[in-house]
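Summary of structural features
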Amino acid sequence: MRIELTADKLNAAGCALIPTMGALHEGHLSLVRLARARTDRPVVATVFVNPTQFNDPADLERYPRDLERDAVLCAEAGADIVFAPAVETVYPPDQPRQPVTIPPVAHLPQLEDAGRPGHFEGVCQVVSRLFDLCQPVAAVFGEKDWQQLQTVRAMVTLQHRPIDIWAGPIVRESDGLAMSSRNTHLDDKHRLDARALYRALNASTNAPDPSSAEALMHAELEAINADIQYAAVRDAETLMPLVEHTDRPARALVCAFVGGVRLLDNAPWQPRRQD
Ligand code: AMP
């Protein structure tokens, strides 16, 4: 396995790409393993803490970074290359930033865009740049960031890029908390409280319709005094509110601050049949 810090000797064309911000955990490594299992092409994990997708400078500042450890873990999981570019490589100061098409699924009232305006502009910008630099034929994204996954899928379609998007299932701690680099910021009490997100998703499956599912999710999150950003049931692909009697797949999505840490989770949802 090799580590590349610049694009000069990258030679990644035709690879399967796994974009990450580092501080890798089993959730990220499952995506590397998924790529390794699906293709004989080079598997390239990128480690880049993208400044343009943070709207809170303190959040960017305290984002955990440990490239040496990340590289060892990527090698063990089957990656061929770790690409860890500097900000100047991704955004050369002497080149104007290319405008990027942002799909509608990135901009919906109440979901990520409400609490993190501009976040998906940053995501689309960095993913486009990494696609340009690495020229992958496939890229792997986690279902953990469901709206991001749908945004990237829609962006690739809008940009007519010949890149397959593969989705990796959410990897959880043994008590159900979705793995996240941000979990390390939780103190002991809030680490226990954080289980409420998974409880909320489980509770939602007892509901006959989206609005009662949303009420059940809110109740679980209110019970731990979480600062709820959203708890919603939406169309799984467009993330629009569900139309009545639809048979399109739906998704329950939750986001809340617990002990000052912004946590996300989601799960498939369908109305519980009333017998
Ligand atoms: P990040 O480093 O947080 O930008 O995440 C990089 C990729 O890993 C994204 O596609 C995430 O959705 C994915 N990811 C993060 N946590 C998990 C998890 N617990 N399970 C599955 N995928 C994850």
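It should be emphasised that the depicted structure is a prediction, and the values quoted were computed from it without experimental measurement. (Residues numbered from 1 in each chain as written. Predicted model: local features only at pLDDT ≥ 70, side-chain atom pairs only at ≥ 80, totals over all residues. Heavy atoms only, no water.)

As a rule of thumb, non-glycine residues mostly have phi less than zero, and peptide bonds are mostly trans rather than cis. Even without glycine at this site, Asn-11 takes up a positive phi of about 45°. Here Asn-11 is to be found in the loop between strand S1 (2–4) and strand S2 (16–20). A residue is classified by how much of its surface remains accessible, and Asn-11, at 69% relative accessible area, is exposed. We note that Ala-23 has phi near 50°; this positive angle belongs to a residue other than glycine. Looking at the element boundaries, Ala-23 is found in the loop between S2 and helix H1 (26–38). The exposure class assigned to Ala-23 is buried, which follows from its relative accessible area of 15%. (Helix = DSSP H or I, 4+ residues; strand = E, 2+ residues; numbered from the N terminus. Buried < 20%, exposed > 50% of the residue type's maximum accessible area, 1.4 Å probe, protein only.)

In the vicinity of the ligand lie 17 residues, with Met-21, Gly-142, Asp-145, Val-171 and Met-179 positioned nearest. Take Val-171: an N or O atom from its main chain is 2.9 Å from a nitrogen atom of the ligand. Met-179 places a main-chain nitrogen or oxygen 2.9 Å from a nitrogen atom of the ligand. Contact with the protein chains removes 93% of the 490 Å² of surface that the ligand exposes when unbound. When residues of the shell around the ligand are traced back to their parent elements, those giving at least two are S2, H1 and strand S5 (138–142). (Near = heavy atom within 4 Å. Polar contact = N/O pair within 3.5 Å; in protein donor to acceptor, adjacent residues only side chain to side chain. Areas by Shrake-Rupley, 256 points an atom, 1.4 Å probe, with all protein chains shown as cover.)

Below, the discussion takes up the sheet that holds strand S4 (residues 81–83). Taken in spatial order, the six strands make up an open sheet running S1-S4-S3-S2-S5-S6, and their pairing is parallel. Whereas interior strands pair on both sides, the edge strands pair on one side only; in this sheet they are S1 and strand S6 (164–168). Averaged over all pairs of adjacent strands, the angle between their axes in this sheet comes to 25°, without regard to strand direction. In the sheet, S2 pairs with S5 via two bridges, with the strands oriented parallel. Bridged to Leu-17 within S5 is Ala-139. (Pairing = 2+ DSSP bridges. Axes fitted to C-alpha atoms, helices over the stretch in contact; angles between N-to-C directions.)

What follows deals with helix H10 (residues 210–222). Relative to the 18 Å expected for 13 residues at 1.5 Å per residue, H10 spans 18 Å between its end C-alpha atoms, a close match to the ideal helical length. Looking at the buried side of H10, the elements it contacts are helix H9 (196–204), strand S7 (227–235), strand S8 (250–258) and strand S9 (261–269). (Expected span 1.5 Å × (residues − 1). Contact = heavy atoms within 4.5 Å.)

With 13 residues, helix H7 (residues 146–158) should reach 18 Å at 1.5 Å per residue; the first-to-last C-alpha distance of 18 Å fits that figure. Within H7, burial applies to Trp-146, Gln-147, Gln-148, Leu-149, Gln-150, Thr-151, Val-152, Met-155 and Val-156. Of the surrounding elements, those touching the buried residues of H7 are helix H5 (112–115), helix H6 (119–134), S5, S6, S8 and S9. Within two residues after H7, His-160 carries a phi angle of roughly 55°, on the positive side.

In terms of nonpolar packing, the biggest core is built from 38 residues, with Leu-17, Val-127, Phe-131, Phe-141 and Ile-165 touching the most fellow members. For this core, the secondary-structure elements that each account for two or more residues are S4, H6, S5, H7, S7 and S8. No other element matches H6, which puts eight residues into this core. Core analysis: the second largest hydrophobic core is formed by 24 residues, Leu-186, Met-217, Val-233 and Ala-252 among them. (Core = buried A, V, L, I, M, F, W, Y, C linked by side-chain atoms within 4.5 Å.)

A separate point is the sheet that holds S9. The sheet built from three strands is open, its strands ordered S7-S8-S9 with antiparallel pairing. Looking along the sheet, the strands with just one partner apiece sit at the ends: S7 and S9. Between one strand axis and the next, the sheet turns by 10° as a mean value, whatever way the strands run. For S8 and S9, the ladder comprises nine bridges, and the chain directions are antiparallel. The residue of S9 that forms the bridge with Arg-251 is Pro-268. Along the sheet face, H9 touches S8 and S9 and points at about 25° away from the line of S9.

Together, Met-1, Ile-3 and Leu-5 make up an exposed nonpolar region whose accessible area comes to about 290 Å². Turning to its location among the elements, Met-1 is positioned in the segment before S1. Of the residues examined, Met-1 reaches a relative accessible area of 46% and is grouped as partly exposed. (Patch = residues over 30% accessible without salt bridge, like charges linked within 9 Å, V, L, I, M, F, W, Y side chains within 5 Å. Salt bridge = Lys/Arg side-chain N within 4 Å of Asp/Glu carboxyl O.)

Okay, the side chain of Gln-125 next. Tracing the sequence through the fold places Gln-125 in helix H6. By relative accessible area, Gln-125 is classed as buried at 16%. Within the structure, Gln-125 has its side chain in polar contact with the side chain of Thr-52 (distance 3.0 Å). For Gln-125, the contacting residues outside a window of four places in its chain are Thr-52, Tyr-91, Arg-97 and Val-100.

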